[in-house]
Amino acid sequence: MNSFWKIAVIGSGPAGFYAAGELFRQKSWEIKVDMFDRLPTPFGLVRGGVAPDHQKIKSVTKIYTRIAENENFRFFGNVEFGRDIFQADLLEHYDGMIYSVGSPADRSLGIPGEDLSGSHSATEFVAWYNGHPDFRDHKFDLSVKHAFVIGMGNVALDVARILAKTADELAKTDIADYALKELRKSQLENIWLVGRRGPLQAAFSPAELREFLELPDADVLVEADALELDAESQQILETLASNDTKKNIEILKQISARDASGKKRRVRFLFLASPVEISGNDKVEKISMVRNQLVKQEDGSLRPQATENKIEEEAGLIFRSIGYHGKPLTDLPFDKKSGTIPNECGQVKDTENGNVLRNREYVAGWIKRGPNGVIGTNKQDAVETVHRMLETFLNEKMEAGKNDVNPDIVSLLENRKVDFFSFADWLLLDAHETEAGQKLGRPRTKLTSVAEMLEIIRKKS
Ligand SMILES: Cc1cc2nc3c(=O)[nH]c(=O)nc-3n(C[C@H](O)[C@H](O)[C@H](O)COP(=O)(O)OP(=O)(O)OC[C@H]3O[C@@H](n4cnc5c(N)ncnc54)[C@H](O)[C@@H]3O)c2cc1C
């Protein structure tokens, strides 16, 4: 009998790699990991979400590459769970599975006009400018003058910053070539960031906010009134607020103390406002919002409540950035409300089946806990999952390799004519992209079509 425990990891984002790393750290277990991803390229949102002008953050992929160098690791890119492989296949070939597929959908605003042309999710725009193959053909009308980003988290700030930056600044990043070409022609003058709550409740981090002080070709504006805190908020700021919130308020005060200096674009922070309707004939022309006030709840928190005060503004583009949401996976339970796979410490829980815990199926990352936290948050999350899995294997007296059929998963993929991408293939593609980029003074130029990726790699290997 095979003494190796064979684990399949579905999804090669941070959670998948941290799970693989933790599996390989176990001294008393012999473990092989096969990692699958629907894209040929690994690293999930580190490649397809993290902003192109945040290259330092992307260097975390060096850690993932070291994990992939383990002789017991194999990568199968361009293999989609639910299209190319299924739960039954994994149950036959592996002792355990960890699903770490992230939260690729977005939340909607639920207001009239949201489906008009020109109204998009931030998810779509972010994936487009980052060269995600599924989004490369999406179109954004950058000939308009006014864009609204609804939401005040870090993703909303990323979107506003990319819209506000000059093409020359973006040309130094690994932004997709087609996006750079379109952004170079952008006619945008006003970029609004709209938050339903006040500056004290904003979810962005000071590091992201501070970057708005340094935009060379955009003035940044905050209504001074927004920073005049009521007594309740002032007390929260002085007593309960985190250091990040205090820093945010300081930076917003610096922004509001500045006068507009006639730069090409303006970024406007609008707090305590919620969109109620998007209107236009066949595309977005106007956004209607209500002003909110903060009302103290029984638990002491402050919640926004609509007032009679309305705002209407001309708008050509709208990006909703109010959170990501998971998508159900074939044969796995799913909690529609939270957009996660129900689980107990990472162990999949059959809620439709009396909360029975599945002994061989686990989850990690955003699909486990919901779309929150930074890249590093997925490490402790994946570690918890791996420990839960190994404890279960021991408690249930499971044996390694018991469910492993011959031949290997490779034969199954070949029989199904799945053109899979190995980690060695990815390293060739990585070298190709970085060499091409460096000739232009860029970190890399991304390939954005799966067919093109496969063609280049098949030629090189
Ligand atoms: C726009 C944006 C910017 C961000 N910027 C930062 C930042 O600057 N710094 C920071 O610390 N954090 C940032 N984050 C947060 C960080 O990216 C997440 O915490 C992290 O990526 C979540 O990891 P994950 O592995 O759960 O999911 P993901 O990174 O989404 O990885 C999921 C993987 O699963 C694959 N997959 C999905 N479905 C299937 C399937 N059916 N079959 C096979 N494979 C599948 C996907 O292709 C993907 O590779 C950002 C997030 C977003 C959305």
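Residues numbered from 1 in each chain as written. Predicted model: local features only at pLDDT ≥ 70, side-chain atom pairs only at ≥ 80, totals over all residues. Heavy atoms only, no water.

Below, the discussion takes up the overall build of the chain. A count of helical and extended segments in the chain gives 17 helices and 18 strands. In terms of C-alpha radius of gyration, the chain reaches 24 Å, essentially the compact-globule figure of 23 Å for 461 residues. In terms of overall dimensions, the chain has a C-alpha envelope of 70 × 55 × 40 Å along the principal axes. Within the chain, buried positions represent 55% of all 461 residues. By sequence separation, contacts in the chain at least 24 residues apart represent 76% of the contacts at least 6 residues apart. Only carbon and sulfur atoms are counted for the fraction: they give 47% of the accessible area of the chain, which is about 21,100 Å². Charged side chains in the chain number 62 positive and 70 negative. The centres of these two groups are separated by 3 Å. (Helix = DSSP H or I, 4+ residues; strand = E, 2+ residues; numbered from the N terminus. Rg over C-alpha atoms; globule rule 2.2 N^0.38 Å. Buried < 20%, exposed > 50% of the residue type's maximum accessible area, 1.4 Å probe, protein only. Contact = heavy atoms within 4.5 Å. Areas by Shrake-Rupley, 256 points an atom, 1.4 Å probe, with all protein chains shown as cover. Lys, Arg positive; Asp, Glu negative; His and termini not counted. Charge placed at Lys NZ, Arg CZ, Asp CG, Glu CD.)

What follows covers the packing of aromatic side chains. Here a ring pair, both rings aromatic, is described through the centre-centre distance and the interplanar angle of the planes. All told, the structure shown has 28 aromatic pairs when counted by the stated rule. When the centroid spacing of 5.2 Å and the interplanar angle of 85 degrees are considered together, the rings of F125 and Y129 count as edge-to-face. Of this pair, F125 and Y129 both sit in helix α6 (residues 122-129), four residues apart, roughly one helical turn. Look at Y129 and you get buried, because its relative accessible area is 0%. Aromatic side chains F125 and F140 sit 5.1 Å apart centroid to centroid with 75 degrees between the ring planes, which places their arrangement in the edge-to-face category. Note that F125 is positioned in helix α6 and F140 in the loop between α6 and β7 (146-150), a separation of 15 residues in sequence. (Phe/Tyr/Trp six-rings, centres within 6.5 Å; stacked < 30°, edge-to-face > 60°.)

Topologically, S449 is positioned in the loop between α16 (423-438) and α17 (450-460). Residues S449 and L427 lie 22 residues apart in sequence; the distance between their C-alpha atoms is 17 Å.

Right, let's get into the domain arrangement of the chain. By domain assignment, the chain separates into domain 1 (5-104 + 326-421) and domain 2 (106-320). Centre-to-centre separation of domain 1 and domain 2, based on C-alpha positions: 34 Å. In total, domain 1 and domain 2 occlude about 1,200 Å² of area from one another, counting both sides; carbon and sulfur atoms represent 45% of this. In terms of surface lost to domain 2, no three residues of domain 1 exceed P52, D53 and H54, which account for 41% of the buried area on that side. Counting the contacts that link domain 1 with domain 2 gives three salt bridges. Between domain 1 and domain 2 we count nine residue pairs in polar contact (both at pLDDT 80 or more) in total. (Domains from an automatic or database assignment. Buried area = accessible area lost by both parts, 1.4 Å probe. Salt bridge = Lys/Arg side-chain N within 4 Å of Asp/Glu carboxyl O. Polar contact = N/O pair within 3.5 Å; in protein donor to acceptor, adjacent residues only side chain to side chain.)

Take the packing of α6 against helix α9 (residues 177-184) next. As a packed pair, α6 and α9 sit with axes 7 Å apart at the nearest point and diverge in direction by 110 degrees. It follows that α6 is roughly perpendicular to α9 by the angle criterion. The residues of α9 that touch α6, namely those facing A127, W128 and Y129, are Y178, A179 and E182. Partitioning the contact of α6 with α9 into residue classes produces five nonpolar, no polar and one charged. (Axes fitted to C-alpha atoms, helices over the stretch in contact; angles between N-to-C directions. Parallel < 35°, antiparallel > 145°, perpendicular 65-115°, else oblique. Nonpolar A, V, L, I, M, F, W, Y, C, P; charged D, E, K, R; others polar.)

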